[in-house]
Amino acid sequence: QVQLVEFGGGLVQPGGSLRLSCVFSGSLFRFYVMGWYRQAPGKQRELVAGITNGGMTNYADSVKGRFTISRDNAKSTVYLQMNSLKPEDTAVYYCNAHITPADYWGQGTQVTVSS
């Protein structure tokens, strides 16, 4: 059974930084494709960043150059470093673990960017 727990959300001023962490409980973390998604009020959940089991990354256009996803297989943890945050980054951020055909989700962590 896979469980995902996110940490690191909070309130930050525009231009600030946050680092989200997602701890994976279960087996074979290194084989999973990991991702961060977000959902703002009244909007659909969207992919923010993903990282394959081989370390290849992809990002939404809106966060390229500002966010960095990484993983530590020894710690079964995936990170999202968020810099130069904007009010439009405000959302609940969810961690996702994917290995065909299964998808697992964390409970989400709130990120609010406001002065």
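None of the values given here were measured: they were computed from a predicted structure.

1. Digging into the overall build of the protein chain
Step number 1: Per the secondary structure count, the protein chain includes zero helices and eleven strands.
Step number 2: Counted from the first residue to the last, the protein chain has its helices and strands arranged as β-β-β-β-β-β-β-β-β-β-β.
Step number 3: Computed over the C-alpha atoms, the radius of gyration of the protein chain is 13 Å, within 12% of the 13 Å expected from 2.2 N^0.38 for a compact globule of 115 residues.
Step number 4: With the C-alpha coordinates aligned to their principal axes, the bounding extent of the protein chain is approximately 40 × 25 × 20 Å.
Step number 5: Taking the intrachain contacts of the protein chain between residues at least 6 apart in sequence as the baseline, contacts between residues at least 24 apart amount to 52%.
Step number 6: If you sum the accessible surface of the protein chain, you get close to 6200 Å²; carbon and sulfur atoms cover 50% of it.
Step number 7: Charged side chains in the protein chain number 10 positive and 7 negative. The centres of these two groups are separated by 4 Å.

2. Focus: the pattern of salt bridges
Step number 1: Tallied over the entire structure, the rule returns four salt bridges.
Step number 2: Residues Asp 61 and Lys 64 are paired through a salt bridge, measuring 3.1 Å at the closest nitrogen-oxygen approach. We note that Asp 61, like Lys 64, is exposed.

3. Let's talk about the nonpolar core
Step number 1: In this structure, Met 34, Trp 36, Leu 80, Met 82 and Tyr 93 are the most contacted members of the largest nonpolar core, which totals 29 residues.
Step number 2: Elements with a contribution of two residues or more to this core: strand E3 (18–25), strand E4 (33–39), strand E5 (46–51), strand E7 (67–72), strand E8 (77–82), strand E9 (91–99) and strand E11 (109–113).
Step number 3: Ignoring sequence-local partners within four residues, the contact set of Met 34 consists of Leu 4, Phe 29, Ala 49, Gly 50, Ile 51, Ile 69, Arg 71, Val 78, Cys 95, Asn 96 and Ala 97.

4. Here's the deal with the state of the cysteines
Step number 1: Inspection of the entire model under this criterion finds one disulfide.
Step number 2: Two residues, Cys 22 and Cys 95, share a disulfide whose sulfurs are 2.1 Å apart. Taking the torsion about the sulfur-sulfur bond, which here is approximately -80 degrees, the covalent link between Cys 22 and Cys 95 counts as left-handed. Placement of Cys 22 in strand E3 and of Cys 95 in strand E9 is noted, with a sequence separation of 73 residues between them. Judged on exposure class, the residue Cys 22 and its partner Cys 95 are both buried.

5. Description of the packing of aromatic side chains
Step number 1: The full count for this structure, using the stated rule, is four aromatic pairs.
Step number 2: Across from the ring centre of Tyr 94, 3.8 Å away, lies the NZ or CZ of Arg 45, which sits over that ring.
Step number 3: The ring of Trp 105 has Arg 45 lying over it, and the distance from NZ or CZ to the ring centre is 4.6 Å.

6. Points about the pairing of E7
Step number 1: Side chains Phe 67, Ile 69 and Arg 71 of E7 all project onto a buried face; the interleaved residues Thr 68, Ser 70 and Asp 72 project onto a face where none is buried.
Step number 2: Two elements, E7 and E8, share six bridges in a ladder whose sense is antiparallel. Counted as the bridge partner of Asp 72 is Thr 77 from E8.
Step number 3: Where E7 folds back on E8, the antiparallel hairpin that results is connected by four residues, among which Ser 76 adopts a positive phi of roughly 50 degrees.

Criteria and thresholds
Residues numbered from 1 in each chain as written. Predicted model: local features only at pLDDT ≥ 70, side-chain atom pairs only at ≥ 80, totals over all residues. Heavy atoms only, no water. Helix = DSSP H or I, 4+ residues; strand = E, 2+ residues; numbered from the N terminus. Rg over C-alpha atoms; globule rule 2.2 N^0.38 Å. Contact = heavy atoms within 4.5 Å. Areas by Shrake-Rupley, 256 points an atom, 1.4 Å probe, with all protein chains shown as cover. Lys, Arg positive; Asp, Glu negative; His and termini not counted. Charge placed at Lys NZ, Arg CZ, Asp CG, Glu CD. Salt bridge = Lys/Arg side-chain N within 4 Å of Asp/Glu carboxyl O. Buried < 20%, exposed > 50% of the residue type's maximum accessible area, 1.4 Å probe, protein only. Core = buried A, V, L, I, M, F, W, Y, C linked by side-chain atoms within 4.5 Å. Disulfide = S-S within 2.5 Å. Phe/Tyr/Trp six-rings, centres within 6.5 Å; stacked < 30°, edge-to-face > 60°. Lys NZ or Arg CZ within 6 Å of the ring centre and 35° of its normal. Pairing = 2+ DSSP bridges.

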